[in-house]
Every structure is written in C-alpha cells, then in structure tokens.
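Now for the letters of each chain:
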Amino acid sequence: MPAVNTSFELTEQQVKAYQKDGFLFFPGLLSSFEINRLKEAIEEVLMSDRKEVDREEATNQLRCAFACHTYNETFRRLSRHPKIIEPVRQLLAGEVYMHQFSIQPKVAFVGESWDWHQDYSAWQELDGMPDTRAVNTGLFIDEVNQYNGPLYFIPGSHRYGLQRAIKSKLRRFPATCLEPEKVTELISEGGIYCPQGPPGSLWIFHPNLVHASAENLSPWNRTIITQCFAHVDNAIRAPTRPEWVAQTDFCPLAPMAENCLLDS
Ligand SMILES: O=C(O)CCC(=O)C(=O)O
C-alpha cells in the first residue's frame, strides 16, 4: 500500500470559506504531466464500446463516460489522488466512497448547457442518499474560460437547503432545476462565481450549492472529470439508476502517493 500523504490538509481559512460559500477552487492543482496522462486515458475510454459510455445520437461524440475508475487503472488512481481525496476526507470528516464518476467533455460548438440545479436533489430522490455528507469535485482537463461552457456557482446558496425543483426542459435524462424566481433571489444575495483556469484546476462544492453551466459555442473543448464523493455512513439506500451512474461499492477510498498518476 503506497504511503498516505497528509500534507494536503486544508487550512482553517479554507474550511471556513467552504462552509460560508459552499465551494473551493484550486487553480492549477495537478501538473501538466498528470493531465497528459489523464488525456491518454480518456482516449483509451473513447476507443472503447462500453455501456458506461454515452454518446450523442446525431454525431456519436462522447456525451458522458461514467464509472471509468472501475475499469481503467489511471482513473482508479485518480479517484485516490491525495490532492483530491485528502481535502474531501477533511471536509466530510471521515472515510469516503465514490458515489459518481464521470468524464464530461463539453465538446466545441456542440456542448449543451445545464439548468440551475442542486446535485443533492437527484442524489436524494433517485439514489436514496440520506443526507448531504457528500461533495462534487471537478478537475479541468482543458482550460476552462468564459466562452467554453464554464460552470456558474451561486456562492452561499447551499446554506438555504434543498429548494423546490421542477422538471428541466434542457436535459435528455430525468433532471430537475430551480424556478427562475428562486434563482433570482439567490443571485441577488450571493452573486455568481465562475471558476476559470488552466488544465489541472479543481473545484469542490457542496451538494446543495446551486449551479448551472453555459453552452459551449466556442472552438475549444471543455472536458472536466467530475468525481462525487460521499461519507461511507451516507451510502445510498434506494438506487433507481444503473450501478455505473450511482455507485453501490461503498468501500472507503484510501489516498495513494502524490505521484500515483505518473507511476501508472
Ligand atoms: O459539466 C457541466 O457543465 C455541468 C455539470 C453539473 O452541473 C454537475 O455535474 O452537476
């Protein structure tokens, strides 16, 4: 078992900022060598014909690839990367498991937008997750800028709990969104924050944080790998989605060594 690296602890100030704003952003957290290794692994996934890989009907372009950490060694290691898993374990105060892993390539010119929503809405309703002891993390594989479909966060919106959700008109799969009046109210309180940065940047956010994302009308791809972690005591109780969308392997994820991706 590789040595556990404990030097990725969040400062007290960062923990307080997470509690207040509902998110943290770390520009350029992983190196370009690590991102290149992940890009090679994404190519391997793209070549495969698996049920976990969802493609656009019209273009056959990758829409979303789930659960890659269960069958690809590089992504298995990413799910245990200490720079990601240590802060997550600290924020959730204990052992964590992977609730959902996905590669979201918001492809140049065709990547779709996402309505304003809270992740916990689906995790509670569709998966039976008992409470919000969970986080979503997003690792930038490409640069994310104002043009290529970045996410928008409403700082502090997680503190108002789960909001009434209505059916989203934008998504092909069952999804919900907040009513415009509520979004207006929350934005007048907290504003909008748009994390942008180079490949290797990482955001972490609370499952009740209200967020959305824009279409990608630019000529630049915007691939993000999202990993949603939950406390092992908060394992889902009533999954209705396939195992590769809402994981039912509740084994705790042990942090690997800092160079785990380059070693694979
Ligand atoms: O990839 C995106 O643009 C949005 C993703 C998102 O909203 C989510 O993972 O909850």
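Residues numbered from 1 in each chain as written. Predicted model: local features only at pLDDT ≥ 70, side-chain atom pairs only at ≥ 80, totals over all residues. Heavy atoms only, no water.

Caption draft 1: Looking closely at the pairing of strand β3 (residues 62-66). In terms of burial, β3 is a largely internal element, five of the five residues being buried. As paired strands, strand β2 (residues 53-55) and β3 are joined by three bridges and run antiparallel to one another. Opposite D54, over in β3, you have C64 as the bridge partner. Strand direction decides the pairing type here: β3 and strand β4 (residues 96-106), joined by two bridges, are antiparallel. Bridge assignment links A65 to a residue of β4, and that residue is I103. (Buried < 20%, exposed > 50% of the residue type's maximum accessible area, 1.4 Å probe, protein only. Helix = DSSP H or I, 4+ residues; strand = E, 2+ residues; numbered from the N terminus. Pairing = 2+ DSSP bridges.)

Caption draft 2: Structural context of the side chain of S157. Locating S157 in the fold gives a position in the loop between β7 (151-153) and β8 (165-167). In this structure, S157 is in contact with L186, N208, L209 and V210, ignoring residues within four places of it in sequence. (Contact = heavy atoms within 4.5 Å.)

Caption draft 3: The packing of aromatic side chains, seen in detail. Following the criterion strictly, the structure yields ten aromatic pairs and no others. Ring centres 4.9 Å apart and planes at 80° place the aromatic pair Y97 and F250 in the edge-to-face group. Linking Y97 in strand β4 with F250 in the segment after β12 (222-231), this pair joins segments that are 153 residues apart in sequence. Judged by relative accessible area, F250 falls into the partly exposed class, the value being 31%. The interplanar angle of 85° and the centroid separation of 5.9 Å between the aromatic rings of F153 and W203 together place this pair among those described as edge-to-face. With F153 in strand β7 and W203 in strand β10 (residues 202-205), this residue pair connects regions lying 50 residues apart in the sequence. Given a relative accessible area of 0%, F153 falls into the buried group. By way of ring pairs, the aromatic residues F23, F153, Y193, W203 and F205 are connected into one cluster. (Phe/Tyr/Trp six-rings, centres within 6.5 Å; stacked < 30°, edge-to-face > 60°.)

Caption draft 4: The nonpolar core, seen in detail. Counting residues in hydrophobic clusters, the biggest one holds 34 residues, and the most contacted among them are F75, L78, L139, I225 and F229. Setting aside chain neighbours within four positions, we find F75 in contact with L38, A41, I42, V45, C68, H69, F101, I103 and I225. (Core = buried A, V, L, I, M, F, W, Y, C linked by side-chain atoms within 4.5 Å.)

Caption draft 5: Up close: the site of the ligand. Around the ligand lies a shell formed by Q104, K106, W114, H117, D119, N136, L151, H211, S213 and R222. One of the side-chain N or O atoms of H211 is found 3.0 Å from an oxygen atom in the ligand. S213 places a side-chain nitrogen or oxygen 2.6 Å from an oxygen atom of the ligand. Contact with the protein chains covers 94% of the free accessible surface of the ligand, which is 290 Å². Listing elements by their share of the shell around the ligand, those giving two or more residues are β4, β5 (114-117) and β11 (211-213). Residue classes in the shell around the ligand are distributed as two nonpolar, five polar and three charged. (Near = heavy atom within 4 Å. Polar contact = N/O pair within 3.5 Å; in protein donor to acceptor, adjacent residues only side chain to side chain. Areas by Shrake-Rupley, 256 points an atom, 1.4 Å probe, with all protein chains shown as cover. Nonpolar A, V, L, I, M, F, W, Y, C, P; charged D, E, K, R; others polar.)

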